[in-house]
Amino acid sequence: RRELKDEQKALHHMRLAGESKAASRQLRRDAAGLRLPEFDESNDAAVAAFAHDSANRPSGPDGKLLPNLMSMSAEEGRQRQELADDEPFITVVTGLPRSGTSMMMQMLANGGMEAWTDGKRVADDDNPRGYYELEDVKRLATENTWVEHAQGKAIKVVVQLLPFLPRAFNYRVIIMDRDVEEVLASQDSMLDRLGNDGANLSDQRLTDAYRRQIMQSMRLLKAANIPVLRVVYSQILADPGVYAEQIQSFLDAELDLEQMMATIEPDLHRHRKGVKASA
């Protein structure tokens, strides 16, 4: 209003600021009563805490943030429907930690899609085929300009960080749906192996937190009119061929279905619901 003398733009940005404040208040309400662990890049379980306070953290002098999905208005969400079908998009593989996101990334890579990873987190007993992670993803809340270079590629983004994706780009999201009890069992096994106690929370409180975060992220994606393909972890292990075809259709890409199916190893499903994990 003062510098550009543009009343319309001033009102637009005032409205965006109001929506951003409302979203921050909602995040604080959701976090009330939860004492989750500090964020640790090497601890998958700790990622659960990150989204609760990231929106209120200053970006710092070096932070470079493009407007993100969380601050998008309803009108901007409707405008996303007008994106051209042939416009480059970013394939985002998401889900809770230990929900099969690494397996899906490997499936896409074996099928012929470029998976953007840096290899810094190497394979181990918990993920013998690798994590397929990109270190930059963990800084999405304070640095997201790099996302532009992910167009035409697949990246793995834990579900709690989806709100910080820039809204300027086109996305297709594959969300891994694994039973939360299995997720927690897998996390406990990994933390035991690492000698880490993890979060000092009951399984029920973590389960509630995880489910709330998933629902919030799904509502955000729906509001942004971003296409989503839900992949049930237990079902893709049982019938990878069906899902390989669905993924190819969803991404409208020529993928090697045989190689995608060969990625799946049902023996890696070591933490089934209702079955106590062996040592």
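The rules we used
Residues numbered from 1 in each chain as written. Predicted model: local features only at pLDDT ≥ 70, side-chain atom pairs only at ≥ 80, totals over all residues. Heavy atoms only, no water. Helix = DSSP H or I, 4+ residues; strand = E, 2+ residues; numbered from the N terminus. Buried < 20%, exposed > 50% of the residue type's maximum accessible area, 1.4 Å probe, protein only. Polar contact = N/O pair within 3.5 Å; in protein donor to acceptor, adjacent residues only side chain to side chain. Contact = heavy atoms within 4.5 Å. Pairing = 2+ DSSP bridges. Axes fitted to C-alpha atoms, helices over the stretch in contact; angles between N-to-C directions. Parallel < 35°, antiparallel > 145°, perpendicular 65-115°, else oblique. Left-handed = near helix turned anticlockwise from the far one by under 90°. Nonpolar A, V, L, I, M, F, W, Y, C, P; charged D, E, K, R; others polar. Phe/Tyr/Trp six-rings, centres within 6.5 Å; stacked < 30°, edge-to-face > 60°. Lys NZ or Arg CZ within 6 Å of the ring centre and 35° of its normal. Core = buried A, V, L, I, M, F, W, Y, C linked by side-chain atoms within 4.5 Å.

Chemist: Requested: an account of the side chain of serine 71, with residues and values cited.
Modeler: Residue position: serine 71 is located in the loop between helix H2 (47-54) and helix H3 (74-79). Judged by relative accessible area, which is 16%, serine 71 ranks as buried. A polar contact is formed between the side chain of serine 71 and the side chain of arginine 167, at a distance of 2.8 Å. Other than its neighbours up to four places away in sequence, serine 71 contacts Leu16, Glu19, Glu76 and Arg167.

Chemist: Tell me about the pairing of strand S2 (residues 154-158), residues and numbers included.
Modeler: When you tally the buried positions in S2, you get 5 out of 5 residues, the bulk of the element. Burial of the side chains of S2 extends over both faces: Ala154, Lys156 and Val158 are buried on one face and Ile155 and Val157 on the other. Direction of pairing for strand S1 (residues 90-95) relative to S2: parallel, over a ladder of 5 bridges. Within the sheet, the bridge partner assigned to valine 93 lies in S2 and is lysine 156.

Chemist: Tell me what's going on with the packing of helix H4 (residues 101-111) against helix H8 (residues 240-251), and back it up with residues and numbers.
Modeler: For the pair H4 and H8, interaxial distance at closest approach is 12 Å and the crossing angle is 70°. The angle between the axes of H4 and H8 places the two elements in the roughly perpendicular class. The two elements H4 and H8 cross, and the hand of that crossing is right-handed. The residues of H8 that touch H4, namely those facing Met104, Met107 and Leu108, are Pro240, Ala244, Ile247 and Leu251. Residue composition of the contact of H4 with H8, grouped by class: 7 nonpolar, no polar and no charged.

Chemist: Got a sec to walk through the packing of aromatic side chains? Specific residues and values, please.
Modeler: Tallied over the entire structure, the rule returns 1 aromatic pair. Ring geometry for tryptophan 116 versus tryptophan 146: centroids 5.8 Å apart, planes at 70°, classification edge-to-face. Highlighted residues: tryptophan 116 in the loop between H4 and S2 and tryptophan 146 in the loop between H4 and S2, separated in sequence by 30 residues. The side chain of lysine 153 reaches across the aromatic face of tryptophan 116, ending 4.7 Å from its centre. Sitting above the plane of the phenylalanine 89 ring, arginine 172 keeps its charged end 4.1 Å from the centroid.

Chemist: Which residues make up H4, and what values go with them?
Modeler: Where burial is concerned, most of H4 is hidden: 9 out of the 11 residues are buried. Restricting attention to buried positions, one finds in H4 the residues Thr101, Ser102, Met103, Met104, Met105, Gln106, Met107, Leu108 and Gly111. Phi turns positive one or two residues past the end of H4, at glycine 112, with a value near 115°.

Chemist: Report on the nonpolar core, specifying residues and quantitative values.
Modeler: Counting residues in each nonpolar core, the largest one holds 32 residues, and the members touching the most others are Ile90, Val92, Leu140, Trp146, Ile155, Val157 and Tyr171. For this core, the secondary-structure elements that each account for two or more residues are S1, S2, strand S3 (171-177), helix H5 (180-194) and helix H6 (203-223). Looking at this core, the element that brings in the most residues is H6, giving 4 residues. For isoleucine 90, the contacting residues outside a window of four places in its chain are Val147, Ala150, Gln151, Lys153, Ile155, Phe169, Asn170, Tyr171 and Arg172. Residues Met107, Phe250, Leu251 and Ile264 belong to the second largest nonpolar core, which totals 26 residues.

The values reported here are purely geometric and, on their own, carry no functional implication.
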